[in-house]
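# Report on the structure
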Amino acid sequence: MAKPTKHAPLICTICMILAIIGIIIGLVTLKPLIPIFFLLPTVIYEVYRTEGKSTRASSIILLVVLVAEIILIIFKVNFNLAEYLGTTEKTIGGYLVPLGDIKIVGPTIMAILSVILFIKTYGAYTKWLAVIIFVTSFAIIYTIDPVVFQELFKYAVQQGVDSI
């Protein structure tokens, strides 16, 4: 059954404003926990709004990844997935993801899941939330490591050019 939409525009607007505030403060201070915490209401509302089997699973995984990211950052966990897996990239959800520090992989997975949600969901509000998550994921990556952000951005552009 479809979720009520009476308050959805207001809630999505509040989520968007919170994400923008989190992004701005996070980019100024280069503290990734700020945009992450400001994104939490958006992800929670996305979990609430999604209804399909795959979109529900994607949004729940998104929440789990976000919480894991909080834990990794708070406890200053440094773990290079590329070294551990012996490869520099893996296919996740049909998208090739460059591997490296696990704290960078989390927001990258979040960006991919938000694209999946945007494509697979029918609701305008869940699409709106997916865009907020997508944009904030890139801000989180930048606050963790601006150099890796530049590399990922170049990689994403190249993937886009190659798919044309």
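Preceding this section is the structure that the text describes.
The structure contained in this document is the topic of the report that follows. (Residues numbered from 1 in each chain as written. Predicted model: local features only at pLDDT ≥ 70, side-chain atom pairs only at ≥ 80, totals over all residues. Heavy atoms only, no water.)

### Structural notes on a nonpolar patch on the surface
Note the following rule: Patches were defined on residues exceeding 30% relative accessible area and lacking a salt bridge, with like-charge contacts within 9 Å and nonpolar side-chain contacts (Val, Leu, Ile, Met, Phe, Trp, Tyr) within 5 Å. Here the open area of atoms and residues is found with the Shrake-Rupley method and a 1.4 Å probe, where only the protein chains shown may cover a residue. Throughout this description, the term salt bridge denotes a Lys or Arg side-chain nitrogen within 4 Å of a carboxyl oxygen of Asp or Glu. The helix and strand labels rest on DSSP assignments: H or I over at least four residues marks a helix, E over at least two residues marks a strand, and numbering proceeds from the N terminus.
Taken together, the side chains of Phe37, Val67, Ile71, Ile74, Phe75, Val77, Phe79, Tyr84 and Leu85 present a nonpolar region at the surface, about 860 Å² in accessible area. Elements with a contribution of two residues or more to the nonpolar patch: helix 3 (53-74) and helix 4 (81-85). The leading source of residues in the nonpolar patch is helix 3, at 3 residues. Relative to the helices and strands, Leu85 is located in helix 4.

### Regarding the nonpolar core
For the record, the criterion: By nonpolar core is meant a set of buried Ala, Val, Leu, Ile, Met, Phe, Trp, Tyr and Cys residues that side-chain atoms within 4.5 Å join together. Per-residue accessibility, obtained with a 1.4 Å probe over protein chains only, is compared with the maximum for each type, and a residue is labelled buried under 20%, exposed over 50%, and partly exposed between these values. Contact definition: two residues touch when any of their heavy atoms are within 4.5 Å.
Residues Leu39, Leu62 and Met110 are the most contacted members of the largest nonpolar core, which totals 29 residues. Elements represented by at least two residues in this core include exactly helix 1 (8-29), helix 2 (33-49), helix 3, helix 4, helix 5 (102-120) and helix 6 (124-144). Top element by residues in this core is helix 5. It accounts for 7 residues. Ignoring any residue separated from it by four or fewer positions in sequence, one finds Met110 in contact with Leu39, Leu62, Val65, Leu66, Ile133, Ser137 and Ile140.

### Notes on unusual backbone geometry
For Leu30, which is not glycine, the phi dihedral falls at a positive 55°. Among the secondary structure elements, Leu30 is positioned in the loop between helix 1 and helix 2. Positive phi outside glycine occurs at Lys76, with the angle close to 50°. Mapped onto the secondary structure, Lys76 falls in the loop between helix 3 and helix 4. By relative accessible area, Lys76 is classed as exposed at 66%.

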